[in-house]
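# Summary of structural features
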Protein chains: 4
Amino acid sequence: MRELSFIGGDRRQIRVINSMADRDYHIRIYGFDKVERSEFSEKIEICKSISEAVDNAETVILPLPYTGGREIINAPYCGEEIHTGDILRRMRENRLLLIGKADEGVRAIARLYGIHLVDYLEREELGILNAIPTAEGAIEIAMHETPRTIHGSRCLILGNGRIGKMLGKMLMGLGAKVTVCVRKYSDAAYCRANGEKSIYFYELENKIGEYDIIFNTVPSLVVGYTALLNLKDEALIIDLASKPGGVDFETADRLGKKTVRALSLPGKVAPETAGDFIMETIINILEELGVK
Amino acid sequence: MRELSFIGGDRRQIRVINSMADRDYHIRIYGFDKVERSEFSEKIEICKSISEAVDNAETVILPLPYTGGREIINAPYCGEEIHTGDILRRMRENRLLLIGKADEGVRAIARLYGIHLVDYLEREELGILNAIPTAEGAIEIAMHETPRTIHGSRCLILGNGRIGKMLGKMLMGLGAKVTVCVRKYSDAAYCRANGEKSIYFYELENKIGEYDIIFNTVPSLVVGYTALLNLKDEALIIDLASKPGGVDFETADRLGKKTVRALSLPGKVAPETAGDFIMETIINILEELGVK
Amino acid sequence: MRELSFIGGDRRQIRVINSMADRDYHIRIYGFDKVERSEFSEKIEICKSISEAVDNAETVILPLPYTGGREIINAPYCGEEIHTGDILRRMRENRLLLIGKADEGVRAIARLYGIHLVDYLEREELGILNAIPTAEGAIEIAMHETPRTIHGSRCLILGNGRIGKMLGKMLMGLGAKVTVCVRKYSDAAYCRANGEKSIYFYELENKIGEYDIIFNTVPSLVVGYTALLNLKDEALIIDLASKPGGVDFETADRLGKKTVRALSLPGKVAPETAGDFIMETIINILEELGVK
Amino acid sequence: MRELSFIGGDRRQIRVINSMADRDYHIRIYGFDKVERSEFSEKIEICKSISEAVDNAETVILPLPYTGGREIINAPYCGEEIHTGDILRRMRENRLLLIGKADEGVRAIARLYGIHLVDYLEREELGILNAIPTAEGAIEIAMHETPRTIHGSRCLILGNGRIGKMLGKMLMGLGAKVTVCVRKYSDAAYCRANGEKSIYFYELENKIGEYDIIFNTVPSLVVGYTALLNLKDEALIIDLASKPGGVDFETADRLGKKTVRALSLPGKVAPETAGDFIMETIINILEELGVK
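Within every chain, residues take consecutive numbers counted from 1 along the sequence as written. As a convention, the first chain written is A and the first ligand written is 1, with the rest following in written order. Predicted model: local features are reported for residues with pLDDT of at least 70 only, side-chain atom pairs are reported and counted for 80 or more only, and whole-chain, interface and lining totals are derived from all residues. Only heavy atoms go into the side-chain values, all of them from the structure, while hydrogens and water stay out.

## Regarding the overall build of chain A
Our working rule: Starting at the N terminus, helices and strands are each numbered in turn, a helix being any DSSP run of H or I of at least four residues and a strand any DSSP run of E of at least two. It only takes one pair of heavy atoms within 4.5 Å for two residues to be counted as in contact. All accessibility values rest on the Shrake-Rupley procedure with a 1.4 Å probe; residue burial counts only the protein chains present in the view. The sign given to each residue is positive for Lys and Arg and negative for Asp and Glu; His and the chain ends receive no count. Lysine's charge is taken at NZ, arginine's at CZ, aspartate's at CG and glutamate's at CD.
On a plain count of helices and strands, chain A comes out with 12 helices and 14 strands. Its C-alpha atoms put chain A at 60 × 35 × 35 Å along the principal axes. Here the contacts in chain A between residues at least 6 apart in sequence split such that 56% fall between residues at least 24 apart. For chain A, the computed accessible surface area is about 12300 Å², with 46% contributed by carbon and sulfur atoms. The averaged location of the 43 negative side-chain charges in chain A is 4 Å from the averaged location of its 38 positive side-chain charges.

## Examining the relation of the copies chain A and chain B
So the rule is basically this: The copies were overlaid by least squares, fitting only the C-alpha atoms of residues that reach a pLDDT of 70 or more in each copy.
Placing chain A over chain B gives an RMSD of 0.1 Å and needs a rotation angle of 180°, together with 0.0 Å of translation along the axis. The transformation relating the two chain copies, once decomposed into turn and shift, fits a two-fold axis. Nearest to the rotation axis, the C-alpha of Gly173 of chain A is located 1.9 Å from it, this being the minimum over chain A. A share of 100% of the interface residues of chain A reappears at the interface of chain B, consistent with the copies meeting face to face through the same patch.

## What about the environment of Asn74 of chain A?
Residue and element names in this part refer to chain A. Spelled out, the test is: In protein, a polar contact requires one atom able to donate a hydrogen and another able to accept it; more generally it is a pair of N or O atoms within 3.5 Å, and residues adjacent in sequence count only if both atoms are side-chain atoms.
In this fold, Asn74 is placed in the loop between β6 (72-73) and α3 (84-88). Linking Asn74 and Ile199, residues 125 residues apart in sequence, is a C-alpha distance of 40 Å. A polar side-chain atom of Asn74 sits 2.9 Å from the main-chain carbonyl oxygen of Pro65.

## Quick word on helix α1 (residues 11-22) of chain D
Residue and element names in this part refer to chain D. Worth spelling out the cut-off: Each helix should span, by expectation, one fewer than its residue count multiplied by 1.5 Å. The buried label goes to any residue with under 20% of its type's maximum accessible area, the exposed label to any with over 50%, and the partly exposed label to all in between, with areas taken from a 1.4 Å probe on protein chains only.
Across its 12 residues, α1 extends 17 Å between first and last C-alpha, which sits within 8% of the 16 Å expected from 1.5 Å per residue. Counting buried residues along α1, 9 of its 12 residues qualify, which places the element largely inside the surrounding structure. Taken as a whole, α1 has its buried residues at Arg12, Gln13, Ile14, Val16, Ile17, Asn18, Ser19, Met20 and Ala21. Two to three positions downstream of the cap, the backbone nitrogen of Arg12 sits 3.0 Å from a side-chain oxygen, assigning the N-cap of α1 to Asp10. Just beyond α1, the residue with positive phi is Asp24, at close to 70°.

## Here we look at the interface of chain A and chain B
Quick reminder of the rule: Accessible area, probed at 1.4 Å, shrinks when two parts are joined; the buried area is that loss added up over both. A pairing counts as a salt bridge when a side-chain nitrogen of Lys or Arg comes within 4 Å of a carboxyl oxygen of Asp or Glu. Gly is put with the polar residues, along with every residue not named as nonpolar or charged; the nonpolar set is Ala, Val, Leu, Ile, Met, Phe, Trp, Tyr, Cys and Pro, and the charged set is Asp, Glu, Lys and Arg.
On the chain B side, the residues contacting the 24 residues of chain A number 24 residues. Of the roughly 2100 Å² buried between chain A and chain B, counting both surfaces, carbon and sulfur atoms make up 56%. Considering only the surface of chain A that becomes buried against chain B, Glu136, Met143 and Arg148 of chain A emerge as the three largest contributors, covering 27% of it. Between the two partners, chain A and chain B, sit 4 salt bridges. Among the ionic pairs, Asp276 of chain B bridges to Arg148 of chain A, the shortest N-O distance being 3.2 Å. For the pair chain A and chain B, the interface holds 10 residue pairs in polar contact (both at pLDDT 80 or more). The set of elements that each furnish at least two residues to the side of chain A that touches chain B consists of α5 (124-145), α6 (162-173) and α12 (271-288) of chain A. The element that contributes the greatest number of residues to the side of chain A that touches chain B is α5 of chain A, accounting for 7 residues. Per-class residue counts for the side of chain A that touches chain B are 11 nonpolar, 6 polar and 7 charged.

## Some details on a positive patch on the surface
Put simply, the rule reads: Patch building starts from residues that exceed 30% relative accessible area and form no salt bridge, then joins like charges within 9 Å and nonpolar side chains (Val, Leu, Ile, Met, Phe, Trp, Tyr) within 5 Å.
Among the surface-exposed residues, Lys165 and Lys184 of chain A together with Lys165 and Lys184 of chain D lie close enough to one another that they form a single positively charged patch. On the accessibility criterion, Lys165 of chain D (31% relative accessible area) is partly exposed.

## Considering the pairing of strand β11 (residues 197-200) of chain B
Residue and element names in this part refer to chain B. The condition is simple: Here a strand pair is declared whenever DSSP counts at least two bridges between the two strands. A crossover counts as right-handed when, viewed with the strands pointing away from the observer, the path leading from the first strand over the helix to the second turns clockwise.
In the sheet, strand β10 (residues 177-182) pairs with β11 via 4 bridges, with the strands oriented parallel. Paired with Thr179 across the strands is Lys197, a residue of β11. In this view, the connection linking β10 to its parallel neighbour β11 by way of helix α7 (residues 185-193) has right-handed handedness.

## Structural notes on the pattern of salt bridges
Residues and elements named next belong to chain A. Counting across every chain of the model gives 85 salt bridges over all chains. Here Arg70 ties to Glu81 by a salt bridge, and the two come within 3.8 Å at their closest N and O atoms. Taken as a pair, Arg70 in the loop between β5 (67-69) and β6 and Glu81 in the loop between β6 and α3 lie far apart in primary sequence, 11 residues in all. Under the relative-accessibility criterion, Glu81 is labelled partly exposed at 47%.

## Some remarks on the packing of aromatic side chains
The description of an aromatic ring pair uses the distance of the two centres, along with the angle that the planes make with each other. In plain terms, the rule: Any two rings among Phe, Tyr and Trp, with Trp reduced to its six-membered ring, count as a pair given centres within 6.5 Å; such a pair is stacked if its planes are under 30 degrees apart, edge-to-face if over 60, and tilted if neither. Two thresholds decide whether a charge sits over a ring: the Lys NZ or Arg CZ must be within 6 Å of the ring centre and within 35 degrees of the ring normal.
All chains considered together, the criterion is met by 12 aromatic pairs over all chains. Here the aromatic rings of Tyr200 of chain A and Tyr202 of chain A are separated by 5.8 Å at their centres, their planes lie at 0°, and the arrangement is stacked. Aromatic rings pair up to connect Tyr185, Tyr200 and Tyr202 of chain A into one cluster. Between the NZ or CZ atom of Lys165 of chain B and the centre of the ring of Tyr190 of chain B, over which it lies, the distance is 4.6 Å.

Here it is as structure tokens:
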């Protein structure tokens, strides 16, 4: 039976842990001392030290994101700080470390110790699946923040990547009028094939005034001063792009335009679903590596 | 130019008033003294007394619902109580009174004074349109109250009326797995034609345990003790039916099952859209009556 | 075990017969001598005379439509003519006769003999389900007859009944731009709620020129001279309404406009599916009557 | 005003030519002597020789596919054979040649003469748009060849590329039960996000028996002997992949399985739409090259 050690994580990771225990993995965990024992399946072995969890582990799994900064593991249910280095230096050579949102630092340390590091956030299937809770979370915000229904609203989605595509599909499913702002001819063709309208980014400043809700998915400044000026007063901008985001928020505030920054939605709005998606991705990785 | 007098109402009615002023009706209003003057279009005449608004009016329009009880007009933005009788007895014979959710009392008084009363809530188009904000409001609640996405959730809709149909369509549009609980063969056929599954009400108790979210639209007790007992612990019931609703809430609480009562959603979640729908219905009525 | 006698019918009825045999009804048939024995399940009893099939039958089932006229059963696979009267006069009192598209004549004879006649075509579930093959058949014709894709075409549906609704849904699903021509405000509201545009019949003559494909579902003359004159030359009209249909075909021909009359599509384009729907309806009727 | 010379092509190209003439390009054509003059816009200049059309042309446009083989231009409406070489050797250096489905031969000649060759079939937007008529054509075939409705049918799509995705979307829109056969985890995730089921190719042989209609989009043998053996007798395979296709047709015939090869659908089922897509792609290319 395959053994897995989980160190740290939030609600999503608790979901991952319990679901994988149901699937007959032998699970050791560390970093959840603030969680009731009853929240974990009985089969799970709760370790009293990092050493107990990591020393002989074939596979160690860190959360998404693995760190909140300063080389400390993202472990909100842990009473103490767990340092990244403390985990990696205990792992033996050629062992597997699954990690969410790896940075260059942790990769360098893994190389140093000969550890096989895989960042599951970089897996395409997780990117596709995570677009689901992200889009739903954005829609929930739009529903909550506007005095109108999504149905019949003129929605503009900036960007036609995974999140833009899923948002477009769901908004259409709710009866919104969807336009997507794109850069490439092929993205315009995609939108047309899917029944959405499209505009090009060079038209954005002139046309933004026609829309009720703007969803940004582009992680660089696309909604600047002129666009904000042309925006309807009642319009709402929801920025889903990672920092620094795509909106000049300071100017938006000054002009009295309504904006919402919405980051890391999957873990916030649907931790169980998000946990399931992480779990499935981890299982895919283990299968590919021939780990049973 | 057609003259209309509006007495009382909430955000929705303010929307109706401003939109109709834009469409070249001459509008008098009473019952909004707590609202800023600037929130109303300049063309609108704000009356200082009921008498000024009603005495010579061809058409008087009351809100939805027209009363909160005790013969007092539903006028949350009015500093004083307005009595139904005070309005009707000032209206001249054969004049038109448009009203939301008329009861037998107000109908009797109208007959007495020879006033032509029309309840716009009884109009089929308003029923159909109101299903939109009701369904969206229900979905917003479901998104907020569950740790999972709607996408992929097993949803059960009790009843296949206007709200049930709109909910089904929107939930499918979000990627949910939708089953509708119906009484008639023809409703089962409707669901099948629309790609939804269906079960019959006599099967409800046995099958309710398979679902994550249950939306009730039936205004009589359909989810009783046995059904509640069989419900999954994590499941959520959202009851959209008017009082007394379709769920035995006391038992649900005792069994620790999660329920939400959601009444009058259109005015709460999307007052502007709901106002637009009322306005359009009023315009339809005026057109049918040959009022220009 | 329930016994059923089937007299006559086309491909659909052969499907009904075989499917019901699979469901453990005891089946007798007459009127299929041109069909190979191997096309019927072995459990089915093939009768050599009407008498053998009908004399002791509890339930006799005639096809849809039961007659092609002149009191003769619709039995294309029968070498001889079967007269309606020959069947009914052999049936005993209080027995059940299931029949498709009953006319006043056959009802009168049934009353005379004390036979319990039920017209399964009048069942709402069959009407709803039959809209599926009708709509698909209409779409197949539209695909075949036009040099353009349905996707992106401006389609106008005349009428918002069962067929109009199903057509609208399927055309939207293929990416067409759908407008529905309606008479009632509530139908316009329905279309809006479902993401379709609508126009009123009084606007038809003026607006018909905007559309590429017109589907008529209204069984009375709605597309007359002026409408035909305004129709684009490349446009196609598909008339799904039963005779006399909704189009002035003579004028259309004279003006060189493209029209297709498409009647009784379910049996033509999808006899197996259509047969399944008849079977399910018959089972519903038997269940309601307490026949097991 | 930009001048364009079109040599050869079918119905699609006639559409392209007329549409571009409407957009104020100056158009010369050669290779359409079997087409009535009235089928072309008056603004178009019909050349009497290749020389007249090509000698001074800035831009020459060949059809899709540009050749049917043997270095002869695909020109079904031309009374004589036009040789590729005859066109290219007349073009001056640095001029633009737009061509559909270029092969190595024509590219080599273009390089030799210093002609700037662009294959518009390689443009991503055309690939995306062409999936629309391809999918619709496949659906029309499926409707025509089966005695059942698409609605409710279990459809299996082999491959999740552009055509597979568009087919999935349209089949869902018609109410089919859609499963996609994929190779990658990320494609399975895509299908799940879009409400489709998926299976992996290694499961195909075992599971193919569950489906009514199989659409192949994979251009290599994926449906071999065992899969064909397991296929239901009534099932239909539609192969959309370019030669040699994905089905062992010989074995299929021997086993009595129903197959349809469907190649080059856009030009066959919707030449006008296909022509529009080519035109838009050509305009995009001209714009990108700064040609006005």
